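Residue-level structure breakdown
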Amino acid sequence: MIKQINGLHHVTSLASSAPENNAFFTKALGLRRVKKTVNFDAPDVYHLYYGDETGSPGTVMTYFPFPNAARGRAGTGEVGTTAFAVPKDALPFWEERLAAYNAEDLRRENRLGDERLLFKGPDGDGFALVAQDDPRTPWTADVSEDVAIRGFHSADMRLSPRGAAASAELLTFMGYEKEATDGDVTRYRMPSGNDAQVIDITQVNGPAADQGAGSVHHIAFSVDDRAAQLDVRKALLDTGYQVTPVIDRDYFWAIYFRSPGGVLFEVATNEPGFDRDEDAAHLGEALKLPTQHEHMRDRLEQMLTPIED
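Residues numbered from 1 in each chain as written. Predicted model: local features only at pLDDT ≥ 70, side-chain atom pairs only at ≥ 80, totals over all residues. Heavy atoms only, no water.

Secondary structure assignment for the chain yields 5 helices and 16 strands. Computed over its C-alpha atoms, the radius of gyration of the chain comes to 18 Å, within 12% of the 19 Å expected for a compact globule of 309 residues. Dimensions along the principal axes, computed over C-alpha positions, put the chain at roughly 50 × 45 × 40 Å. Per-residue burial over the chain gives 56% buried out of 309 residues. Residue pairs at least 24 apart in sequence account for 67% of intrachain contacts in the chain once pairs closer than 6 positions are excluded. For the chain, the accessible area works out to roughly 13,200 Å², and carbon and sulfur atoms hold 45% of it. With 31 positive and 48 negative side-chain charges, the chain shows a separation of 4 Å between the mean positions of the two kinds. (Helix = DSSP H or I, 4+ residues; strand = E, 2+ residues; numbered from the N terminus. Rg over C-alpha atoms; globule rule 2.2 N^0.38 Å. Buried < 20%, exposed > 50% of the residue type's maximum accessible area, 1.4 Å probe, protein only. Contact = heavy atoms within 4.5 Å. Areas by Shrake-Rupley, 256 points an atom, 1.4 Å probe, with all protein chains shown as cover. Lys, Arg positive; Asp, Glu negative; His and termini not counted. Charge placed at Lys NZ, Arg CZ, Asp CG, Glu CD.)

Another aspect to go through is helix H1 (residues 18-28). For an α-helix the count is 3.6 residues per turn, leaving residues at separations of three or four pointing the same way. Restricting attention to buried positions, one finds in H1 the residues Ala18, Asn21, Asn22, Phe24, Phe25, Thr26 and Ala28. Of the residues flanking the start of H1, the one acting as N-cap is serine 17, its side-chain oxygen 3.3 Å from the backbone nitrogen of glutamate 20. One or two positions beyond H1, positive phi appears at glycine 30, with a value near 70°. (Polar contact = N/O pair within 3.5 Å; in protein donor to acceptor, adjacent residues only side chain to side chain.)

With that settled, consider the sheet that holds strand S13 (residues 216-223). The 8 strands are arranged S2-S3-S4-S1-S13-S16-S15-S14 in an open sheet whose pairing can be described as mixed. The sheet terminates laterally at strand S2 (32-38) and strand S14 (247-248), the two strands that pair on one side only. Where strand S1 (residues 7-15) meets S13, 6 bridges bridge the pair, whose relative direction is antiparallel. Each bridged residue has a counterpart across the sheet, and for valine 11 the counterpart in S13 is isoleucine 219. Of the strands in this sheet, S1, S2, strand S3 (46-51) and strand S4 (60-65) touch H1, which is tilted by about 5° from S3. (Pairing = 2+ DSSP bridges. Axes fitted to C-alpha atoms, helices over the stretch in contact; angles between N-to-C directions.)

All chains considered together, the criterion is met by 1 cavity of 30 Å³ or more. There is about 40 Å³ of room inside the largest cavity. In terms of lining, the largest cavity is formed by Leu31, Gly51, Asp52, Thr59, Pro138, Trp139, Ile149, Arg150 and Gly151. (1 Å grid on protein atoms, 1.4 Å probe; cavity = no way out; pocket = protein on both sides within 12 Å on 5 of 7 lines; lining within 4 Å. Points joined across faces, edges and corners; volume = space filled by probe spheres on them.)

Two descriptors summarise a pair of aromatic rings, namely the distance from one centre to the other and the angle between the planes of the rings. Using the criterion set out here, one finds 17 aromatic pairs in the structure. For the pair phenylalanine 25 and tyrosine 63, a centre-to-centre distance of 5.1 Å together with 50° between the ring planes defines the contact as tilted. One end of the pair, phenylalanine 25, is in helix H1; the other, tyrosine 63, is in strand S4, with 38 residues separating them in the sequence. Centre to centre, the rings of phenylalanine 25 and phenylalanine 127 are 5.8 Å apart; their planes meet at 80°, and the pair counts as edge-to-face. In this pair, phenylalanine 25 is assigned in helix H1 and phenylalanine 127 in strand S8 (residues 126-131), connecting sequence segments 102 residues apart. Just as phenylalanine 25 is buried, phenylalanine 127 falls in that class too. Members of the aromatic cluster, each reached through a chain of ring pairs, are Phe24, Phe25, Tyr50, Tyr63, Phe84, Phe119, Phe127 and Phe152. Between arginine 249 and the ring centre of phenylalanine 40, over which it is positioned, the NZ or CZ distance is 5.3 Å. (Phe/Tyr/Trp six-rings, centres within 6.5 Å; stacked < 30°, edge-to-face > 60°. Lys NZ or Arg CZ within 6 Å of the ring centre and 35° of its normal.)

Another point: the layout of surface pockets. If you add up the space inside the largest pocket, you get close to 460 Å³. Lining the largest pocket are 30 residues, with Gly80, Thr81, Lys120, Gly124 and Gly126 sitting closest to its centre. Here the lining of the largest pocket gets 5 residues from one element, more than from any other, and that element is strand S5 (residues 78-86). Residues of the lining of the largest pocket, tallied by class, amount to 9 nonpolar, 9 polar and 12 charged. (Nonpolar A, V, L, I, M, F, W, Y, C, P; charged D, E, K, R; others polar.)

Once that is clear, we can look at unusual backbone geometry. Excluding glycine, residues mostly have negative phi values, and the peptide bonds linking residues are mostly trans. Along the chain, glutamate 271 connects to proline 272 via a cis peptide bond; the corresponding omega equals 0°. Tracing the backbone shows proline 272 in strand S16 (residues 264-272). At aspartate 195, a residue that is not glycine, the phi angle is positive and equals roughly 80°. Looking at where aspartate 195 falls in the secondary structure, it is placed in the loop between strand S11 (185-189) and strand S12 (198-203).

Glancing now at the sheet that holds strand S10 (residues 177-182). Strand order in the open sheet formed by 8 strands is S6-S7-S8-S5-S9-S12-S11-S10, with mixed pairing between adjacent strands. Of all strands in the sheet, those with a lone pairing partner are strand S6 (104-111) and S10, marking the two edges. Ignoring strand direction, the axes of neighbouring strands in this sheet form an average angle of 25°. For S5 and strand S9 (residues 151-159), the ladder comprises 7 bridges, and the chain directions are antiparallel. Across the sheet, glutamate 78 pairs through a bridge with arginine 158, a residue of S9.

See the structure below:
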């Protein structure tokens with residue numbers, strides 16, 4: 001069994017408009033933009049990161065906003081809902097706030113004992129706010145501490161019956177423990193994690209998802225450092241998974257592999273962090289480019305849609 005994983009590191013999704021995406025996460029949800037950079041493989045597209053004050057692992061939602069991208073189609077083999085933790089009495093505040101920001105499909109539900117507020121993002125992204133006690137310190141520039149988002153609670157994978165069974169085995173191998181089942185939903189929890197330690201598997205029948213704007217591209221799991229990451233990579237390779245070499249993403253090192261249910265998994269290091277190239281007081285303000293794309297700065301700054309804060 002793998003013992004180095006702490007829980008979620010980040011979740012990366014696709015969007016159709018950088019300004020709209022930025023406004024939703026920094027204004028409506030009150031998160032901090034901790035990095036404004038570009039997609040390493042398509043540098044004419046932003047890569048935007050939102051989280052707590054420093055972009056702590058387990059708090060960071062990231063986006064590739066491809067201008068005018070078509071919406072994805074929901075289905076199996078994807079993360080259907082990304083859930084954030086908020087304080088226990090905060091849901092009425094968020095219900096009113098999100099309604100004022102015209103969030104769609106606002107509704108309450110109870111899942112496995114958790115009170116949740118479901119809503120959609122600008123591209124139909126599936127989100128939930130989960131009311132719970134959470135010790136993490138939030139970013140409070142636009143939302144007060146008594147209601148602010150603490151970080152991730154969970155990711156909910158929508159999987160076929162076969163994919164659900166195989167993915168449950170993988171999560172167990174990664175150190176997660178089965179916690180509870182209610183109907184088609186089974187919850188797995190990292191017993192000693194980073195407070196972003198829950199994965200839900202919802203078993204569904206139907207066609208596979210088509211990725212587009214509003215779709216989760218991948219979910220990333222946290223490890224402390226590169227040594228731990230190499231141990232995880234070896235264990236996955238020894239078990240038969242096809243895992244990429246270690247890739248330098250400037251703010252963390254990453255490896256990727258496809259889970260049996262179809263969701264792309266990443267294992268990312270907690271080091272070096274988002275303050276490696278910016279002062280912590282000014283995270284996310286300037287456009288930061290990977291070294292290999294710095295020579296394109298003038299052209300990229302003209303091509304990328306301006307983002308107003």
